[in-house]
Each structure stands twice: as structure tokens, then as C-alpha cells.
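# Overview (structure and organization)
Chain residues, written in single-letter form:
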Amino acid sequence: MFQGASALAMDAKGRLAVPTRHREVLQALCAGQLTITKHPDGCLIVFPRSVWEGFRERVAALPMSAAGWKRVFLGNAMDVEIDGAARVLISPELRASAGLQKDVILMGMGSHFELWDAAAYAAHEAQVMQSDMPDALKDFSF
């Protein structure tokens, strides 16, 4: 399970260092092989390859009425590997689609990660905190 947020700096070539706390798990889980694609909220989804394969199968099985979303998820997916310096390369296309600049946030979301531009995530979180709590959380005990 991946959890927690990591503030990272992406270099000019679009590479970012995988946080130390996730490296060993990613090596054991998927030999450092990841798949990155677009997320409906405007960030990127970073999957360990084994997790991606299950997600890809579920998306591929969607009906024709979801063809546009199939294109978003599958058509934009890029396979990457953690390099010898523990970095991953984010393609220019994916960086542009998520508005990624130098400062980014890698957010552990259980089985996968979300990768956000830091300013975009701050705005997103502020909007969420200002909105009404969804019914699913109203009876949740903290």
C-alpha cells in the first residue's frame, strides 16, 4: 500500500526521483516497471506494472459508450522504468497534459500514485476542503 505525499522537483528533462520509502517496494512488486497515464482530475496516475495490467483489462472491457475514456486511459499510457539513479522519466506529452512544472507532488493512493503539479494540487485540495462532505463520509468516524 502506497500512502503519503512527497514533494519532489522534476528536472528539465522531465525526470523525478522515486522517494526512498517507495523504491524497495516498487522493485519487489514490479521490478521498477511502471505505467503512467492521464487521470480525469487533471493529474497523472502512476501504476506499478502489475497493478496497471489489471486496470488496463478492466478499462479494455468497457462498452463502446465509454470509448472516449478508453482512449484517455489506454491511448495515453506510457511504460517507464525506474533507472539506475532511481528516477522515472515523464514524457513531454503527459507532463503537458497535467501541467507539470518543476515542483510536483507524488501522492500514494493505495495501489498506485497520483502525480500532481504542486500548485494545481494545492488549489484542488483547497477546493475539496471548501466543498460539502459527501454522504459516504458523513457517518465516517475519525
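Presented here is a report on the structure given in the accompanying data block. (Residues numbered from 1 in each chain as written. Predicted model: local features only at pLDDT ≥ 70, side-chain atom pairs only at ≥ 80, totals over all residues. Heavy atoms only, no water.)

### Notes on the sheet that holds strand E7 (residues 103-110)
An order of E1-E7-E8-E4-E3-E5 is seen for the six strands of this open sheet, with the pairing classed as antiparallel. Bordering the open sheet on either side are strand E1 (2-9) and strand E5 (78-81), each of which pairs with just one other strand. Strand-to-strand twist in this sheet, taken as the mean axis angle between neighbours without regard to direction, amounts to 25°. Its contacts with the sheet put helix H5 (residues 118-130) on E7 and strand E8 (113-117), and the angle it makes with E8 is roughly 105°. (Pairing = 2+ DSSP bridges. Helix = DSSP H or I, 4+ residues; strand = E, 2+ residues; numbered from the N terminus. Axes fitted to C-alpha atoms, helices over the stretch in contact; angles between N-to-C directions. Contact = heavy atoms within 4.5 Å.)

### Quick word on the pattern of salt bridges
If you walk through the whole model with that rule in mind, you get four salt bridges. Among the ionic pairs, Arg-15 bridges to Asp-11, the shortest N-O distance being 2.7 Å. (Salt bridge = Lys/Arg side-chain N within 4 Å of Asp/Glu carboxyl O.)

### What about the nonpolar core?
Within the largest apolar cluster, 23 residues are counted, with the highest numbers of intra-cluster contacts made by Ile-90 and Leu-115. With residues near it in sequence (within four places) discarded, Ile-90 still touches Met-10, Gly-14, Leu-16, Ile-36, Leu-44, Arg-95, Leu-100 and Leu-115. Ranked by size, the runner-up nonpolar core spans six residues in total, among them Ile-45, Phe-47, Trp-52 and Phe-73. (Core = buried A, V, L, I, M, F, W, Y, C linked by side-chain atoms within 4.5 Å. Buried < 20%, exposed > 50% of the residue type's maximum accessible area, 1.4 Å probe, protein only.)

### With respect to unusual backbone geometry
A positive phi angle, near 55°, is found at Ala-31, a position not held by glycine. Within the secondary structure, Ala-31 is located in the loop between helix H1 (20-30) and strand E3 (33-38). With a phi angle near 65°, Ala-86 is a residue other than glycine that sits in the positive phi range. In this structure, Ala-86 sits in the loop between E5 and strand E6 (87-89). Residue classification places Ala-86 among the buried positions, given a relative accessible area of 12%.

### Considerations on helix H3 (residues 67-75)
Among the residues of H3, Ala-67, Lys-70 and Phe-73 are the ones counted as buried. Within H3, the buried residues cover an arc of 125° as seen down the axis, which keeps them to one side. With respect to the buried face of H3, the exposed residues turned more than 90 degrees away are Arg-71 and Gly-75. The inward-facing, buried residues of H3 contact E3, strand E4 (44-48) and helix H2 (49-60). (Arc of directions from axis to C-beta.)

### Some words on the packing of aromatic side chains
One pass over the full model with this rule turns up seven aromatic pairs. With a centroid separation of 5.5 Å and 85° between ring planes, the pair formed by Phe-55 and Phe-73 is classed as edge-to-face. Here Phe-73 lies in helix H3 and Phe-55 lies in helix H2, a separation of 18 residues in the sequence. You can call Phe-73 buried: its relative accessible area is 11%. (Phe/Tyr/Trp six-rings, centres within 6.5 Å; stacked < 30°, edge-to-face > 60°.)

### Here's the deal with H1
Within the sequence span of H1, burial applies to His-22, Leu-26 and Cys-30. For H1, the angular spread of buried residues about the axis comes to 35°, placing them on one side. In this structure, H1 carries Thr-20, Glu-24 and Ala-28 as exposed residues pointing more than 90 degrees from its buried face. As for H1, its buried residues are in contact with E1, E3, E4, H2 and E8.

### So, the packing of H2 against H3
A pair of packed helices is characterised by two quantities: the angle between their axes and the separation of those axes. The contact between H2 and H3 brings their axes to 10 Å, and the two run at 160°. The orientation of H2 with respect to H3, classified from their angle, is roughly antiparallel. At the point where H2 passes H3, the crossing takes the left-handed sense. Together, Trp-52, Phe-55, Arg-56, Val-59 and Ala-60 of H2 and Lys-70, Phe-73 and Leu-74 of H3 make up the contact between the two elements. For the contact of H2 with H3, the per-class residue count stands at six nonpolar, no polar and two charged. (Parallel < 35°, antiparallel > 145°, perpendicular 65-115°, else oblique. Left-handed = near helix turned anticlockwise from the far one by under 90°. Nonpolar A, V, L, I, M, F, W, Y, C, P; charged D, E, K, R; others polar.)

Purely geometric stuff here, so don't read any function into it on its own.
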